[in-house]
Amino acid sequence: MQLPQSYTIMSPKEKEVTAPADICFHKLLHREDKEDMSFKLVNELPSPAEILEQFPLPEKLAVLKAERDEEIKKVITGESNKFLVIIGPCSADNEDAVCDYANRLAKVQEKTKDRLLIVPRVYTNKPRTTGEGYMGMLHQPDPEKKPDMLAGLIAIRKLQGILAIRHMHMKVFRETGMSTADEMLYPDNLQYLSDIMSYIAVGARSVENQYHRLVASGCDVPVGMKNPTSGDLSVMLNSVVAAQLPHDFIFRGDEVSCPGNPLAHTILRGAVNKHGQCIPNYHYEDLHLLFELYSKRNLKNPACIVDTNHSNSNKKYAEQVRIAKEVLHSRRHSDDIRHLVKGLMIESYIEPGNHKIGEHCYGQSITDPCLGWDESEKLLYDIAEMAD
């Protein structure tokens with residue numbers, strides 16, 4: 001995903017002026033700005049423009065990303081019959097293992113390219129229900145050490161290619177040719193990765209947040225809005241309405257104007273009732289209900305991705321195989337559902353299950369349990385066969 005290179009901002013005389021993004025968004029918070037609140041300045045971070053200048057996306061990858069963006073866009077709009085599979089670890093915590101996994105995905109993508117469009121999950125921000133536990137590579141490039149967000153910003157970019165989060169995202173892209181997906185947990189951080197990602201998800205705990213909805217309206221790649229943990233589908237659809245509308249708001253200290261994102265869509269991830277019990281929403285009846293709700297709204301490009309884990313599987317990760325196949329069967333049974341459901345979101349890694357931080361199992365999740373590679377590879381080939 002790439003946010004616009006320029007923004008319409010309002011001058012003090014209320015005249016519209018256009019300024020480059022690297023000028024609009026270079027401002028850093030100053031120490032004195034925090035003295036009237038209970039904030040302790042730990043480290044002043046470079047702006048997105050500064051990070052991108054130091055660790056730019058190579059031109060060859062920028063061209064490839066534009067091609068990938070167009071492919072994914074055509075799936076969401078219905079111009080392409082390919083089936084979208086957003087797949088990868090619950091959290092991207094180890095660069096070597098994540099790149100190993102992504103390279104395996106790339107081989108499957110090559111063999112299924114006529115039917116599937118695979119987007120690697122490189123999730124470097126992790127929402128936590130209670131605020132406790134590992135919060136992703138952005139916070140902790142090393143899960144066993146204290147948080148270091150500057151190192152984390154560098155590391156994330158590295159996983160998509162070169163800094164911890166930037167380096168990881170860039171490396172995956174460079175080695176596999178597959179641009180990535182991540183969650184928009186902190187909207188202000190989006191531009192650190194916006195030139196690398198081709199898909200963004202807004203999570204169940206964030207989907208009701210006004211700021212997430214507004215920033216989604218300025219993204220030019222698909223943004224999936226998950227149903228909230230309560231399962232209220234109207235909340236999810238309201239977030240899509242908001243993301244598809246144009247907005248004026250404050251972003252990173254400047255007044256900006258965003259055009260609306262016609263590629264905003266829904267993600268069904270299951271729900272939790274008042275007793276703490278998981279309620280799945282991937283069954284035929286759930287998909288048909290969502291189709292009917294979409295039909296009552298004037299939304300562009302009705303589309304749904306089904307998340308096979310989380311509350312849909314009750315975090316029983318092995319059930320993802322069955323759930324994926326049931327969704328594909330529903331698509332075969334109903335043309336309405338086939339046109340609505342554009343893909344699946346699957347949590348998968350090299351080793352099945354999960355382990356605690358410090359136990360050092362290569363290629364196994366340190367957050368939610370995931371499918372192992374053997375099961376994932378077979379499932380991807382099965383999806384390619386069933387998603388006609």
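For the structure itself, look to the data block above.
Since this is a predicted model, take the numbers as computed values, not measurements.

1. A few points about the state of the cysteines
Point 1. Applying the stated criterion across every chain yields a total of zero disulfides.
Point 2. Not engaged in a disulfide, the cysteine Cys 370 finds its nearest cysteine sulfur in Cys 90; these two sulfurs lie 5.6 Å apart.

2. Details of the side chain of Arg 269
Point 1. Note on placement: Arg 269 falls in the loop between strand S11 (265-268) and strand S12 (271-272).
Point 2. Although buried, Arg 269 forms no salt bridge, and the nearest oppositely charged side chain, Asp 307, lies 5.3 Å from it.
Point 3. A polar atom in the side chain of Arg 269 sits 3.2 Å from the side chain of Ser 311.
Point 4. Ignoring sequence-local partners within four residues, the contact set of Arg 269 consists of Ala 204, Lys 226, Asn 227, Thr 229, Asn 281, Asp 307, Asn 309, His 310, Ser 311 and Asn 312.

3. Structural notes on helix H12 (residues 373-386)
Helical geometry note: an α-helix holds 3.6 residues per turn, so side chains three or four residues apart project in the same direction.
Point 1. For H12, with 14 residues, the first-to-last C-alpha span of 20 Å sits near the 20 Å given by 1.5 Å per residue.
Point 2. Among all positions in H12, only Trp 373, Ser 376, Leu 379, Leu 380, Ile 383, Ala 384 and Met 386 are buried. Each buried residue of H12 lies within a common arc of 165° when the element is viewed along its axis, so the set occupies one face. Exposed and oriented more than 90 degrees from the buried face of H12 are Asp 374, Lys 378 and Glu 385.
Point 3. Residues of H12 that are buried make contact with strand S3 (83-88), helix H4 (95-112), strand S4 (116-120), helix H10 (319-333) and strand S15 (341-347).

4. What about the sheet that holds S3?
Point 1. Strand order in the open sheet formed by eight strands is S4-S3-S15-S14-S11-S8-S7-S6, and the pairing between neighbours is parallel. The sheet terminates laterally at S4 and strand S6 (180-183), the two strands that pair on one side only. Along the sheet, successive strands turn relative to each other by an average axial angle of 25°, direction set aside.
Point 2. Strands S3 and S4 of the sheet are contacted by H4, whose axis makes an angle of about 170° with S4.
Point 3. Across the face of the sheet, helix H9 (residues 284-295) comes into contact with S11, strand S14 (304-307) and S15 while running at roughly 160° to S11.

What counts, and at which threshold
- Residues numbered from 1 in each chain as written.
- Predicted model: local features only at pLDDT ≥ 70, side-chain atom pairs only at ≥ 80, totals over all residues.
- Heavy atoms only, no water.
- Disulfide = S-S within 2.5 Å.
- Helix = DSSP H or I, 4+ residues; strand = E, 2+ residues; numbered from the N terminus.
- Buried < 20%, exposed > 50% of the residue type's maximum accessible area, 1.4 Å probe, protein only.
- Lys, Arg positive; Asp, Glu negative; His and termini not counted.
- Salt bridge = Lys/Arg side-chain N within 4 Å of Asp/Glu carboxyl O.
- Polar contact = N/O pair within 3.5 Å; in protein donor to acceptor, adjacent residues only side chain to side chain.
- Contact = heavy atoms within 4.5 Å.
- Expected span 1.5 Å × (residues − 1).
- Arc of directions from axis to C-beta.
- Pairing = 2+ DSSP bridges.
- Axes fitted to C-alpha atoms, helices over the stretch in contact; angles between N-to-C directions.

Shape is all these values report; function is a separate question.
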